[in-house]
Amino acid sequence: MSTISYPGSATLADLCRNMAADQADGNQKLVSLEPIVNETSGGAKVNLNQATYAPADILDILDDLNCIDVSTVAGNGQAAEAGHTYTFIWRGKIFVQDKLTEVQVLGKSTT
Amino acid sequence: MKRIQLALLLCVVLFATGCPNTPKVDFANPNSFVSKINAYLQDAQLKCDCLSRQHSFNEKEKRCNDDAFSGGIEEAKIVRNNAIDLAVPVIDGMYSEFINNIENRREKTDFIADVIELASSAAIGSIKGPQRSIQIIGIALTAFRGGRKSSDINFYKQQTTPILIDKMDGNRAEVLAIITLNQVKPIGEYSMGKAIKNLADYYNAGTLVRAFNQLSHDTANQTQTSETAARVVRGEDITPSKIRTVQETDLSLELLRQRRILAKRLRDALSMAVPTATAGDTVARTAEIAKAKTDRDEKVKAVRDDLGEVWTAITQDDKFKPIVAQMKTDTALTNSFNLVEATATTDELAAPELLKLINVLTTKIKDNPELRASVLGTLQTVNK
């Protein structure tokens, strides 16, 4: 298992795209996410999203990630719809542009 | 006000009830197991320091030898992880004994009821729910204001100790997760000193004082929505990954797609069924089996040739030489290199190893756009 921390200030689309790329570059698959507030030695508070990846056969990687903001009714509907074609990976709160937001991450293989 | 109540509660628990507040550790006795562990950690720290500076360690004189030990960095990581693996069960054992003591004492004394009595205006309660939403301070305990019933006291006696123990368990699990995640890091990123600090944190996480502090902190955090669901990491500056451009991430996905085309061809070829020959096979059946085997072998060879073409292009390009040389020092890849480089290796054995080497190389060039573009070009040519 390995972890990569992303800036909590990123948009959901940017975060999702980068996680998909890190899956590809690291021959690994996304397992979970966790929002973190890093109180640095300088006293600053930095919002981060820490993604945990597990090593995977490249054919098992769900390379097309779909991250949906499910904090709204519309988002929930979109996630339910996506659930027909995508596989559920994780759901929970993460930082999206520095605001804790309920997000669902799904994925599918394009090969 | 809540902090005053908390302070009162803490003082009462610690001093009035006489409840133990930390797992028992006998550092004074040099022959105790704990003291020996402590001495071991001290030695391990010295040893790690020497090894990480590429010197061997003189066990007798407890100092670095004046030599050059090339495998020192990897060895230091092993020493550090062994020290952690030894210390964690010791701390776990002390914690288990501590929890048993608390539980036993709760049966015999009014561990929490006394606190409620003394801090009559203080409020102690619990909310069912996830770990972070459990709070002990700040809940109006109205039952105690208008004349309490014995059943109320019993309720809080039964609830509060488990909450504290849950909190300690939660605190310990958080620190242990940090330790476990850091164990995979090289010694340069996670030194023995940091490991010992985390082990001390792990011990402290299983104390009543820390449980109360953490509960107080959690309660304070509940007024700040942004922190309620986020774990707070202190004392460690985490460097976030750079958010990459669309072009960069597209390149990563295309590299994966091209590698997967080869991986899928290989998997399909290897999974082609070849019937087992038996003594009673007819001539036609024997021919059928031979054809199936030939078909399979041809398909595997074709993939091996393509993978070999990609790998040859990489290894013959000077730009990749330092990376390939670095990969050759990785013991986890020794077998792959041996199989790929041996002429006698069958296609069936060599092809998966070639794919593995290409995959590992891709992770190594993650931050080099020029090399990534080069590998992608070769893969696209082969997959055409």
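Residues numbered from 1 in each chain as written. Chains lettered and ligands numbered in written order. Predicted model: local features only at pLDDT ≥ 70, side-chain atom pairs only at ≥ 80, totals over all residues. Heavy atoms only, no water.

> How do you make sense of the packing of helix α10 (residues 283-315) of chain B against helix α13 (residues 347-364) of chain B when you look at a structure like this?
For any two helices packed against each other, the geometry is given by the interaxial angle and the distance between the axes. Residue and element names in this part refer to chain B. Here α10 crosses α13 at 35°, and the two axes come no closer than 9 Å. At the point where α10 passes α13, the crossing takes the left-handed sense. The segment α10 lies against α13, with R296, V300, K301, R304, L307, G308, V310, W311 and I314 engaging D347, E348, A350, A351, L354, L355, L357, I358 and L361. Among the residues forming the contact of α10 with α13, the class breakdown is 12 nonpolar, one polar and five charged. (Axes fitted to C-alpha atoms, helices over the stretch in contact; angles between N-to-C directions. Helix = DSSP H or I, 4+ residues; strand = E, 2+ residues; numbered from the N terminus. Left-handed = near helix turned anticlockwise from the far one by under 90°. Contact = heavy atoms within 4.5 Å. Nonpolar A, V, L, I, M, F, W, Y, C, P; charged D, E, K, R; others polar.)

> Help me understand the pattern of salt bridges, please; the structure alone is not making it clear to me.
Pairing is possible between side chains that carry opposite charge, provided their charged atoms lie close to one another. Residues and elements named next belong to chain B. Under the definition given, this model contains 29 salt bridges over all chains. With a shortest N-O distance of 3.0 Å, D295 and K291 are connected by a salt bridge. Taken as a pair, D295 and K291 lie in helix α10 at a separation of four residues, close to a single helical turn. By relative accessible area, which is 26% here, D295 ends up partly exposed. (Salt bridge = Lys/Arg side-chain N within 4 Å of Asp/Glu carboxyl O. Buried < 20%, exposed > 50% of the residue type's maximum accessible area, 1.4 Å probe, protein only.)

> Sorry, what's going on with the state of the cysteines here?
A complete count under the given rule lists two disulfides over all chains for this structure. One disulfide bridge connects A:C16 with A:C67, the sulfur atoms lying 2.1 Å from each other. Between A:C16 and A:C67 the disulfide shows an S-S torsion of about 85°. By sign, it is right-handed. Of this pair, A:C16 sits in helix α1 (residues 12-26) while A:C67 sits in strand β4 (residues 64-69), placing them 51 residues apart in sequence. Assessed through its relative accessible area of 8%, A:C16 is described here as buried. The exposure class assigned to A:C67 is buried, which follows from its relative accessible area of 14%. Disulfide pairing is shown between B:C50 and B:C64; the S-S distance is 2.1 Å. Judged by the sign of its S-S torsion, about -90°, the bond between B:C50 and B:C64 is left-handed. Note that B:C50 is positioned in helix α2 (residues 33-52) and B:C64 in strand β2 (residues 63-64), a separation of 14 residues in sequence. The partly exposed category is assigned to B:C64, whose relative accessible area is 22%. (Disulfide = S-S within 2.5 Å.)

> Is there a simple way to think about the confidence of the model for chain B in this case?
Do not read the predicted coordinates in detail wherever pLDDT is low. All names here are of chain B. Here chain B averages 76 in pLDDT, and 72% of its residues register 70 or above. Across chain B, element-level confidence peaks in helix α9 (residues 246-270) with a mean pLDDT of 94 and bottoms out in helix α4 (residues 113-118) with 41. Contacts for the low-pLDDT stretch residues 107-152, under 50 throughout, to residues beyond four places or in other chains number 84 contacts. Scored below 50 in pLDDT, residues 223-227 makes eight contacts in the model with residues more than four places away or belonging to other chains. Our summary of model confidence lists the complex with pTM equal to 0.55 and ipTM equal to 0.94. (pLDDT = per-residue confidence, 0-100.)

> Even after reading the chapter, I still don't get the nonpolar core, so can you show me in this structure?
Taken as a class, soluble globular proteins show a tendency for nonpolar side chains to be buried jointly. Residue and element names in this part refer to chain B. Judged by nonpolar contacts, the single largest core of 36 residues is most densely connected at L307, W311, I314, F320, M327, L361 and V375. Mapped by element, the contributors of at least two residues to this core are α9, α10, α11 (321-328), α12 (334-341), α13 and α14 (369-383). Of the residues forming this core, the biggest block, seven residues, is contributed by α13. Setting aside anything within four residues of it in sequence, one finds V375 in contact with L255, I314, F320, L361 and I365. Membership of the second largest hydrophobic core comes to 24 residues, among which are V79, A87, V88 and V175. (Core = buried A, V, L, I, M, F, W, Y, C linked by side-chain atoms within 4.5 Å.)

> Would you take a moment to explain the sheet that holds strand β3 (residues 45-55) of chain A for this structure?
The strands that make up a sheet are held in pairs by hydrogen bonds between backbone atoms, and each pair lies either parallel or antiparallel. What the four strands build is an open sheet, ordered β1(A)-β3(A)-β2(A)-β3(B); its pairing is mixed. Each having just a single partner strand, β1 (2-7) of chain A together with β3 (231-234) of chain B make up the two edges of the open sheet. The average angle at which neighbouring strand axes cross in this sheet is 40°, direction not considered. As judged from the four bridges shared by strand β2 (residues 28-39) of chain A and β3(B), these two strands associate in the parallel manner. Looking across to β3(B), one finds that A:N38 is bridged to B:V233. Packed onto the sheet, α1(A) meets β1, β2 and β3 of chain A and runs at close to 125° relative to β2(A). (Pairing = 2+ DSSP bridges.)

> Would you explain unusual backbone geometry in this entry?
Among all residues save glycine, negative phi is the norm, and among peptide bonds the norm is trans. Of note in the backbone geometry, A:D98 takes a positive phi value of approximately 70° without being a glycine. Within the fold, A:D98 resides in the loop between β5 (87-96) and β6 (99-108). You will see that B:Q54, though not glycine, has its phi angle at about 65°, which is positive. Inspection of the secondary structure assignment puts B:Q54 in the loop between α2 and β1 (57-58). For B:Q54, a relative accessible area of 30% translates into the label partly exposed.

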